[in-house]
Amino acid sequence: SAVRTADYASAVATAGKILVNEVDLARESWKRCLEILAPELVHVSQYHLAGGRRGRSVQWLREGFAEWAATVALDRLGLERRDVRFAKARGKVGWVWDGGNLPTLRQLMSPPGWAAIQDEPDGAASYELAMLATDFLISRVGVPALIQYFRDSAVLDPRGNFSQAFGQSPFEFEVEFMTHLKELVR
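Calculation rules
Think of each chain on its own: its residues are numbered from 1, step by step along the sequence as written. For this predicted model, a pLDDT threshold of at least 70 governs which residues receive local features, and a threshold of 80 or more governs which side-chain atom pairs are given and counted, while totals over whole chains, interfaces and linings are taken from all residues. The basis for the side-chain values is all heavy atoms of the structure; hydrogens and waters are excluded. Here, the term nonpolar core denotes a set of buried Ala, Val, Leu, Ile, Met, Phe, Trp, Tyr and Cys residues that are joined through side-chain atoms within 4.5 Å. Residue exposure (1.4 Å probe, protein chains only): buried if accessible area is under 20% of the type maximum, exposed if over 50%, otherwise partly exposed. Only DSSP runs of H or I reaching four residues or more are called helices, and only runs of E reaching two or more are called strands; each is numbered from the N terminus. Here, two residues are considered to be in contact whenever any of their heavy atoms come within 4.5 Å of each other. The patch calculation keeps residues exceeding 30% relative accessible area without a salt bridge and links them within 9 Å when they carry like charges or within 5 Å when they are nonpolar (Val, Leu, Ile, Met, Phe, Trp, Tyr). Working definition of accessibility: Shrake-Rupley area with a 1.4 Å probe, residue cover restricted to the visible protein chains. By convention in these notes, a salt bridge is any Lys or Arg side-chain nitrogen within 4 Å of a carboxyl oxygen on Asp or Glu. Note on aromatic pairs: the rings of Phe, Tyr and Trp (six-membered ring only in Trp) are paired at centre separations within 6.5 Å, and the planes decide the class, stacked below 30 degrees, edge-to-face beyond 60, tilted for the rest. To get an axis, a line is fitted to the C-alpha atoms, and for a helix only the part in contact is used. The angle between two axes follows their N-to-C directions and goes from 0 to 180 degrees. Angles below 35 degrees are treated as roughly parallel, those above 145 as roughly antiparallel, those between 65 and 115 as roughly perpendicular, and all remaining angles as oblique. Three categories are distinguished: nonpolar for Ala, Val, Leu, Ile, Met, Phe, Trp, Tyr, Cys and Pro, charged for Asp, Glu, Lys and Arg, and polar for the others, with Gly belonging to the last.

Caption draft 1: Inspection of the nonpolar core at higher detail. Trp60, Leu61, Phe162, Phe173, Phe177 and Leu181 are the most contacted members of the largest nonpolar core, which has 39 residues in total. Mapped by element, the contributors of at least two residues to this core are helix 4 (59–76), helix 5 (82–98), helix 6 (111–118), helix 7 (126–141), helix 8 (143–152), helix 9 (158–166) and helix 10 (170–185). Contacts of Phe162, omitting those with residues within four sequence positions, involve Val58, Trp60, Leu61, Leu137, Tyr149, Gly167, Gln168, Ser169, Pro170 and Phe173.

Right, dumping it as structure tokens:
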């Protein structure tokens, strides 16, 4: 829920708008404000693609695509290179993994599962993990497939939509991604 999200976020998107904690944002640099607001703008577009509703997409992919798109935007604006942000993400995921606290994508599939992980120290690197998983998925299927996935999320269930859009179940994807992730962070 938006109230639960407000416990750990400076901004939250809803259909057609972004709700912002002005006090939090006023203390931030211009770059940090963009880091906070860019993913929320992507979430607004996800609502739009799903017909003005939240849609029934997989939560880690919703968050991961928002972080991925924000990373691309910051790179294009010359504020932080994409490779630097991805290196930071790999470092944090590797550190959390080494500590035995890395969540699975399965745990991050639903909004309640996602919110529960946010109570862990550093959110158990959930945003970084989701961004790396999304990048891996995009390298395989491209951005247009993700756009269509979010459109289809208005009517299809999360697992069926994922399988239809990407040719495999979310659980099959997770197995392949974890093999890939071991190479990225080790």
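Here the narrative resumes, following the displayed structure.
Caption draft 2: Inspection of unusual backbone geometry at higher detail. Phi angles above zero are rare outside glycine, and Ala125 is one such case at about 60 degrees. With respect to the helices, strands and loops of the structure, Ala125 is situated in the loop between helix 6 and helix 7. On the basis of relative accessibility, which here comes to 0%, the residue Ala125 falls in the buried class.

Caption draft 3: Here's a closer look at a nonpolar patch on the surface. Residues Trp30, Leu77 and Leu79 make up a contiguous nonpolar surface patch of about 360 Å² in total accessible area. Summarising the element assignment, Leu79 is placed in the loop between helix 4 and helix 5.

Caption draft 4: Region of the structure containing the environment of Gly51. Of note, Gly51 is situated in the loop between helix 3 (30–49) and helix 4. Given a relative accessible area of 63%, Gly51 falls into the exposed group. For the pair Gly51 and Gln168, spaced 117 residues apart in sequence, the C-alpha to C-alpha distance is 25 Å.

Caption draft 5: Up close: the packing of aromatic side chains. Tallying each qualifying case throughout the model produces 13 aromatic pairs. Aromatic side chains Phe173 and Phe177 sit 6.1 Å apart centroid to centroid with 5 degrees between the ring planes, which places their arrangement in the stacked category. One end of the pair is Phe173 and the other is Phe177, both in helix 10 and four residues apart, which spans about a single turn. For the pair Phe173 and Phe177, a shared accessibility class is recorded, and that class is buried.

Caption draft 6: Molecular detail of the packing of helix 7 against helix 8. Taken N-terminus to C-terminus, the directions of helix 7 and helix 8 make an angle of 110 degrees; their axes are 7 Å apart at the nearest point. Classified by the angle between their axes, helix 7 and helix 8 sit roughly perpendicular to one another. Across from Thr134, Leu137, Ile138 and Val141 in helix 7, the residues of helix 8 making contact are Val143, Ala145 and Leu146. Its residues placed into classes, the contact of helix 7 with helix 8 shows six nonpolar, one polar and no charged.

Taken by themselves, the reported measurements are silent on function.
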